[in-house]
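Notes for the structure review
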Amino acid sequence: MSFPKPYADAVAKLRVPFGFVMIAAFLWISDPSLGSLVLGLPVSLLGLGLRAWAAGHLEKNSTLTESGPYAWVRNPLYLGTLTAAAGFVIASRSWELALLCAAVFLLVYLPVVELEEQAFLTAERQLLRLDLDHVPVDRAAFHLGSQHADAAVPRLVDQGNAALGDERLEID
């Protein structure tokens, strides 16, 4: 699913206010029972625990985090938020809140995730260009039959593929 950038930018700014609207909706519409609280509370705590674990590993705006929950899930903070919200929906016993949560995640969180990934890939491409600008090309390594060419070209292509989100570059 792809969202227009102006839309994604707009909802990114509204993400926190939407959270307050969701809290108000839950307080107004919820009709919890002891049983629904017993079922929903552990799910919400699991989501909040995942968020706390992820936040402890996040190095925001510096490098790609690959430790903790980031080793298994691309966006554990958002997954934790979704899990916590699911627990609240279970506790609320409200299909209206379930629909509202689904709409907010589909129309607010997914565009924000996409926007963040695009920003990260743009930054990675710029870093790759800077790296390539500062690394001199050893023209001798690219002569036909050179042992160095066989190792150097695939390594550069692999680095380029990684920076481009694993889009495959072809070598002719």
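Read on for an overview of the structure. Keep in mind the model is a prediction, meaning the values are calculated, not measured.

A short note on the overall build of the protein
Secondary structure summary: the protein contains five helices and zero strands in total. N-terminal to C-terminal, the α/β element order of the protein is α-α-α-α-α. For the protein, the proportion of its 172 residues judged to be buried stands at 29%. Sequence-distant contacts, at least 24 apart, represent 70% of the contacts inside the protein between residues at least 6 apart. Accessible surface for the protein amounts to roughly 12000 Å². Of this, 66% is attributable to carbon and sulfur atoms.

Focus on the packing of aromatic side chains
Scanning the entire structure with this criterion turns up five aromatic pairs. Plain terms: the ring middles of Phe-26 and Phe-88 are 6.2 Å apart, the flat faces sit at 65° to each other, and that makes the pair edge-to-face. Of this pair, Phe-26 sits in helix H1 (residues 5–29) while Phe-88 sits in helix H3 (residues 76–92), and the two are 62 residues apart along the sequence. Each residue in the set Tyr-78, Phe-105 and Tyr-109 is aromatic and connected to the rest through ring pairs, giving one cluster.

What to know about unusual backbone geometry
Among all residues except glycine, the phi angle is most often negative; among peptide bonds, the trans geometry is most common. Although it is not a glycine, Arg-93 adopts a positive phi angle of roughly 55°. Relative to the elements of secondary structure, Arg-93 occurs in the loop between H3 and helix H4 (95–134). Arg-93 sits in the partly exposed class, given a relative accessible area of 49%.

Points about the nonpolar core
Burial of nonpolar side chains together is a common tendency in soluble globular proteins. In this structure, Met-22, Phe-26, Tyr-78, Cys-101, Val-104, Val-108 and Tyr-109 are the most contacted members of the largest nonpolar core, which totals 15 residues. At the level of elements, H1, H3 and H4 are the ones that each hand at least two residues to this core. No other element matches H4, which puts eight residues into this core. Apart from the residues lying within four places of it in its own chain, the contact partners of Val-108 are Val-11, Arg-15, Phe-18 and Ala-103.

Here's the deal with the side chain of Thr-83
Within the secondary structure layout, Thr-83 lies in helix H3. Here Thr-83 falls in the buried class, since its relative accessible area comes to 19%. Once you skip the residues sitting within four places of it in the chain, Thr-83 turns out to touch Val-43, Ser-44, Leu-46 and Gly-47.

Side note on the packing of helix H2 (residues 34–57) against H3
Where H2 contacts H3, the two axes come as close as 7 Å, and the packing angle between them is 165°. In terms of orientation, H2 and H3 fall into the roughly antiparallel class. Note on packing geometry: the crossing formed by H2 with H3 is left-handed.

Let's talk about the pattern of salt bridges
For the structure shown, the criterion picks out four salt bridges. Measuring nitrogen to oxygen at the nearest pair gives 3.0 Å for the salt bridge that ties Asp-31 to Arg-93. Within this pair, whereas Asp-31 is found in the loop between H1 and H2, its partner Arg-93 is found in the loop between H3 and H4, the two being separated by 62 residues in sequence. The partner of Glu-117 in a salt bridge is Arg-74, with the nearest N and O atoms 3.1 Å apart. Of this pair, Glu-117 sits in helix H4 while Arg-74 is found in the loop between H2 and H3, placing the two residues 43 residues apart along the sequence. For Glu-117, a relative accessible area of 26% corresponds to the partly exposed category. What makes Arg-74 exposed here is its relative accessible area of 63%.

Let's talk about a nonpolar patch on the surface
Residues Tyr-7, Leu-106, Leu-107 and Leu-110 make up a contiguous nonpolar surface patch of about 330 Å² in total accessible area. Sort the elements by how many residues they give to the nonpolar patch and H4 lands first, with three residues. Along the polypeptide, Leu-106 turns up in helix H4. A relative accessible area of 45% means that Leu-106 is categorised as partly exposed.

Definitions and limits used
Residues numbered from 1 in each chain as written. Predicted model: local features only at pLDDT ≥ 70, side-chain atom pairs only at ≥ 80, totals over all residues. Heavy atoms only, no water. Helix = DSSP H or I, 4+ residues; strand = E, 2+ residues; numbered from the N terminus. Buried < 20%, exposed > 50% of the residue type's maximum accessible area, 1.4 Å probe, protein only. Contact = heavy atoms within 4.5 Å. Areas by Shrake-Rupley, 256 points an atom, 1.4 Å probe, with all protein chains shown as cover. Phe/Tyr/Trp six-rings, centres within 6.5 Å; stacked < 30°, edge-to-face > 60°. Core = buried A, V, L, I, M, F, W, Y, C linked by side-chain atoms within 4.5 Å. Axes fitted to C-alpha atoms, helices over the stretch in contact; angles between N-to-C directions. Parallel < 35°, antiparallel > 145°, perpendicular 65-115°, else oblique. Left-handed = near helix turned anticlockwise from the far one by under 90°. Salt bridge = Lys/Arg side-chain N within 4 Å of Asp/Glu carboxyl O. Patch = residues over 30% accessible without salt bridge, like charges linked within 9 Å, V, L, I, M, F, W, Y side chains within 5 Å.

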